[in-house]
Every structure is written in C-alpha cells, then in structure tokens.
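# Structure at a glance
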Amino acid sequence: MKIIALLGNPNSGKTSIFNQLTGSNQQVGNWPGVTVEKKSGFYRKDKSICIQDLPGLYSLSPYSLDEQVAREFLTKTPPDALINIVDSTNLERSLYLTLQLMELGIPMVLALNMSDLLAGQGKKIDIEKLSYSLGIPVVTTSAIKNKGLDEVVKVALKSHESQTLDYDHRLEGALSEIGKVTGFTNRFEQIKVFEGDKLLLAGETDKALSQQVHTDNSQAGLSAKQLAEIEEIVSITEKLMADDRESIIVNERYDLIGHIVQLCVTQTETGKINLT
Ligand code: BGO
C-alpha cells in the first residue's frame, strides 16, 4: 500500500482534490487525542493507493494544532509521497509552505491548482521554469474542471527525494555545522534546530523521518554540550547576518521565493472583470 499525503494552504483546493481523487471512498475521524478532522480514502482508480488528507496550513512550525498534527504525521510516519496543492493565483504566498515541505526530503510534486483562474488575472506561470527552479515536478491542475488530477498522482508515485535549495552561504555553513554537532542529516531537522524549535530541541521529534528518508542514525534529544555548541553556531551566524535566528530563515525563504516568482510568473495583461 502506498500513501500519498495532500498538503496545502487553506482554500488551495485540497478538499476538492481529495474528493475528486477518492470519490465516495473516504474514512473520516479525528487525529489521535485531538479534535482535528482526519480524512483518508483510497484512490478511486487504484485501491492500493491511500490518499491522506492533512489539515490546511501555512507552515510547519508547531504554533497551531493543525500544524502540530501535520508535522507529527510527516515526521513520525513519513508517507511515500506528498502532493503540495498550491493556489496558482497566490503563488508567492503558497511557496512558503512548499519550501518547508521540500526540506523534509519526502518525494513531492507541486499541483498548481486553480489554473483555470490564472488567465482571468492576466497571469502566466512557466511550469518548466518553476519545476527547474524548485527541483520538483509541477503539474497544472483544476479541481473544479477535474483537470490534471490523475496526472498529479502518477507523477507523485514516480517522484524522487527533492533537491535541496541553497540559502546564503553563511546560513548553509551554520546548517552544516549543526549537522556535524547533532548527527542530523535531514535538512528539516537542521533548520528547526537553527530556528530554536522547542519541540525538536526537547527531543519530541522522532527518528522515523531520518531513518526512512536518509539512512543515518539521528538521535532525537540533544545533550547540554550539543545545545551549547548549537547556541554558539547560531550566535555567530546572527552576528554575521545581523539578524535573529528565526528572521534569518524567514528572510532567506522569502528572498528565494521572490527570485523564483520573478523568473516564472509573467503578467500577460491586466486582469479584467466584465460586469455586463
Ligand atoms: C467554494 N478552480 C477553481 N476555479 N476553484 C477551485 C478549484 C480550482 O481548481 N479548486 C477548488 N476551488 P477547497 P481547501 C466556493 O467553495 O477545496 C474552489 O480549503 C463557494 N462555496 O470550489 O474547499 C472550491 O480544502 C462559493 O470554493 O479548499 C472552493 O484547501 C463561491 O476553491 C474553494 C465560490 O476549495 C476552496 C467558491 C460556497
């Protein structure tokens, strides 16, 4: 049985795509211990594929219950592939979650949904450039027109671990040092340690992600000595980059997204609304 997880911002069209892919074949319940709805279902064209819906989210920081549920699922029981559903009329905002999902190292495809609305906005997205600059496959979809949905499942099943996108060399140096100190080879974990993520530093994370995605022997939970070394690495980087740890990561992501959007999105004409 292969498991494909659907992830995206609220209103990206995730529910519409889940319903199209699974039809009436759905199980609805709650995630263990919380009142967050859990929906999964078999792909209607191949019952050996389970589609797991995850709550709509903007980040993988454990601020909201929805984010915690999604993050716990992704790190403790990594699925075979992710479909990241993106509202193509809001590409810039949506890519913030995309970059975080890519850091998990799970095979992933980007579903550029609401593609039917792009022309009305006078916008065009160069799919090849977007795929090339992100290093993951991109499929154009329209849930409302049932377009591209089978293709996105097909591509998800064939996709490989996503490439790593490089940030500023000072941050990359710090992440590499954190990797040496902690033994974490997974980029998601290295970045979370750099950010000072409370769950990860407290050892609440699970080894499953590292063991499934990479064959290293990451340890959850860090010693006082390791924590002190991490604080030194972070403090040096904060001085070098003249910013605080969390802002460094946020700004690096937005810089990268800015470049990608500039490269891939063209304004063909001003979107016009006809009221006649
Ligand atoms: C309403 N194209 C278009 N045009 N619309 C889409 C597409 C697409 O590809 N995909 C989804 N939508 P959810 P989340 C609505 O409900 O799946 C629409 O939060 C309305 N409702 O139909 O719920 C979809 O699960 C009244 O729109 O997203 C839905 O990710 C008027 O996007 C909305 C207009 O989709 C969110 C729209 C009473």
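Heads up: the structure comes first, above all this text.
Here's what I pulled together on the structure shown here. Because the structure is predicted, anything quoted here is derived from the model rather than measured. (Residues numbered from 1 in each chain as written. Predicted model: local features only at pLDDT ≥ 70, side-chain atom pairs only at ≥ 80, totals over all residues. Heavy atoms only, no water.)

### A short note on the pairing of strand β2 (residues 26-30)
The two faces of the sheet receive side chains in turn, since in a regular strand these alternate between them. Threshold: Whether two strands pair comes down to DSSP finding at least two bridges between them. Going along the chain from the N terminus, every DSSP run of H or I of four or more residues is numbered as a helix, and every run of E of two or more is numbered as a strand.
Two elements, β2 and strand β3 (residues 37-43), share five bridges in a ladder whose sense is antiparallel. Paired with Asn 30 across the strands is Glu 37, a residue of β3. Counting the residues between successive antiparallel strands, the hairpin from β2 to β3 contains six residues, one of them, Gly 33, with a positive phi of roughly 80°.

### Section: the packing of helix α4 (residues 127-134) against helix α11 (residues 245-264)
So the rule is basically this: Axes, fitted as lines to C-alpha atoms, cover a helix only where it is in contact. Angles between the N-to-C directions of the axes lie from 0 to 180 degrees. Oblique is the label for any angle not under 35 degrees, not over 145, and not in the 65 to 115 range, which are roughly parallel, roughly antiparallel and roughly perpendicular in turn. By the definition used in this description, the sense in which the near helix is turned from the far one sets the handedness, with an anticlockwise turn below a right angle giving left-handed and a clockwise turn giving right-handed. Contacts are assigned to residue pairs that have any heavy atoms within 4.5 Å of one another. Any residue that is not Ala, Val, Leu, Ile, Met, Phe, Trp, Tyr, Cys, Pro, Asp, Glu, Lys or Arg is counted as polar, Gly included; the first ten are nonpolar and the last four charged.
Axis separation between α4 and α11 bottoms out at 9 Å; the angle between their running directions is 155°. The orientation of α4 with respect to α11, classified from their angle, is roughly antiparallel. Judged by the twist between their axes, the crossing of α4 over α11 is right-handed. Touching Lys 129, Leu 130, Ser 133 and Leu 134 of α4 are Ile 260, Leu 263 and Cys 264, all from α11. Along the lines of polarity and charge, the residues of the contact of α4 with α11 split into five nonpolar, one polar and one charged.

### Notes on the sheet that holds strand β1 (residues 2-8)
To summarise the sheet geometry, strands pair through backbone hydrogen bonds and adopt either a parallel or an antiparallel arrangement. Here we have seven strands laid out as an open sheet, ordered β2-β3-β4-β1-β5-β6-β8, and mixed in their pairing. Across the chains shown, the open sheet's two edge strands, defined by having one partner strand only, are β2 and β8 (138-140). Each strand of the sheet is rotated relative to its neighbour by a mean of 25°, with strand direction disregarded. Direction of pairing for β3 relative to strand β4 (residues 46-53): antiparallel, over a ladder of five bridges. Along β4, the bridge assignment pairs Lys 39 with Asp 53.

### Some thoughts on the pattern of salt bridges
A pair can form between side chains of opposite charge whenever their charged atoms are brought close. The condition that has to hold: Salt bridges are defined by distance alone: a side-chain nitrogen of Lys or Arg within 4 Å of a carboxyl oxygen of Asp or Glu. Accessible area is worked out with a 1.4 Å probe on protein chains only. A residue is then buried under 20% of its type maximum, exposed over 50%, and partly exposed in between.
Here the structure, examined in full by the defined rule, presents 14 salt bridges. When the shortest N-O distance is used, the salt bridge between Glu 103 and Arg 253 registers 3.1 Å. Taken together, the positions of Glu 103 in helix α3 (residues 91-103) and Arg 253 in helix α11 put the pair 150 residues apart, joining distant regions of the chain. Judged by its relative accessible area of 1%, Arg 253 is buried. Measuring nitrogen to oxygen at the nearest pair gives 3.8 Å for the salt bridge that ties Lys 154 to Glu 151.

### Considering the pairing of β4
Sheet topology note: the β1/β4 ladder contains five bridges and is parallel. If you follow Ile 4 over to β4, its bridge partner there is Ile 51. Count of turn residues in the β3/β4 antiparallel hairpin: two residues.

### What about the environment of Ile 191?
With respect to the helices, strands and loops of the structure, Ile 191 is situated in helix α7 (residues 187-195). With a relative accessible area of 0%, Ile 191 lands in the buried category. Between the alpha carbons of Ile 191 and Glu 103 there is a distance of 8.5 Å; along the sequence they are 88 residues apart. Residues within four places of Ile 191 in sequence aside, it is in contact with Glu 103, Tyr 167, Leu 175, Ile 249 and Arg 253.

### Overview of the site of the ligand
Test applied: Note on definitions. A residue lies near a molecule or strand when any single heavy atom of the residue is within 4 Å of it. Here a polar contact means two N or O atoms within 3.5 Å. Within protein one must be a hydrogen donor candidate and the other an acceptor candidate, and residues neighboring in sequence count only if both atoms are side-chain atoms. Here, Shrake-Rupley sampling with a 1.4 Å probe gives the accessible areas, and only protein chains in the shown set may cover a residue.
The local shell around the ligand holds 15 residues, among which Asn 11, Thr 15, Ser 16, Asp 116 and Ala 143 are the closest. One nitrogen or oxygen atom from the side chain of Asn 113 is found 3.1 Å from an oxygen atom belonging to the ligand. Between Ala 143 and the ligand, the recorded distance is 2.9 Å, taken from a backbone N or O atom to an oxygen atom. For the ligand, the protein covers 55% of the area, taking 760 Å² as the surface of the free molecule. Looking at the shell around the ligand, the element that brings in the most residues is helix α1 (residues 14-22), giving three residues. Split into classes, the residues belonging to the shell around the ligand amount to five nonpolar, eight polar and two charged.

### Overview of the packing of aromatic side chains
Our working definition: Centre distance within 6.5 Å is the pairing criterion for rings of Phe, Tyr and Trp, where only the six-membered ring of Trp is used; planes under 30 degrees apart are then read as stacked, over 60 as edge-to-face, and the remainder as tilted.
Scanning all chains against the criterion turns up two aromatic pairs. The interplanar angle of 65° and the centroid separation of 5.6 Å between the aromatic rings of Trp 31 and Phe 73 together place this pair among those described as edge-to-face. Residue Trp 31 is found in the loop between β2 and β3, and its partner Phe 73 is found in helix α2 (residues 65-76); the two are separated by 42 residues along the sequence. Classification of Trp 31 as buried rests on a relative accessible area of 7%. With a centroid separation of 4.7 Å and an interplanar angle of 20°, the aromatic rings of Tyr 96 and Tyr 254 are classed as stacked.

Any functional reading would require information that these geometric values do not contain.
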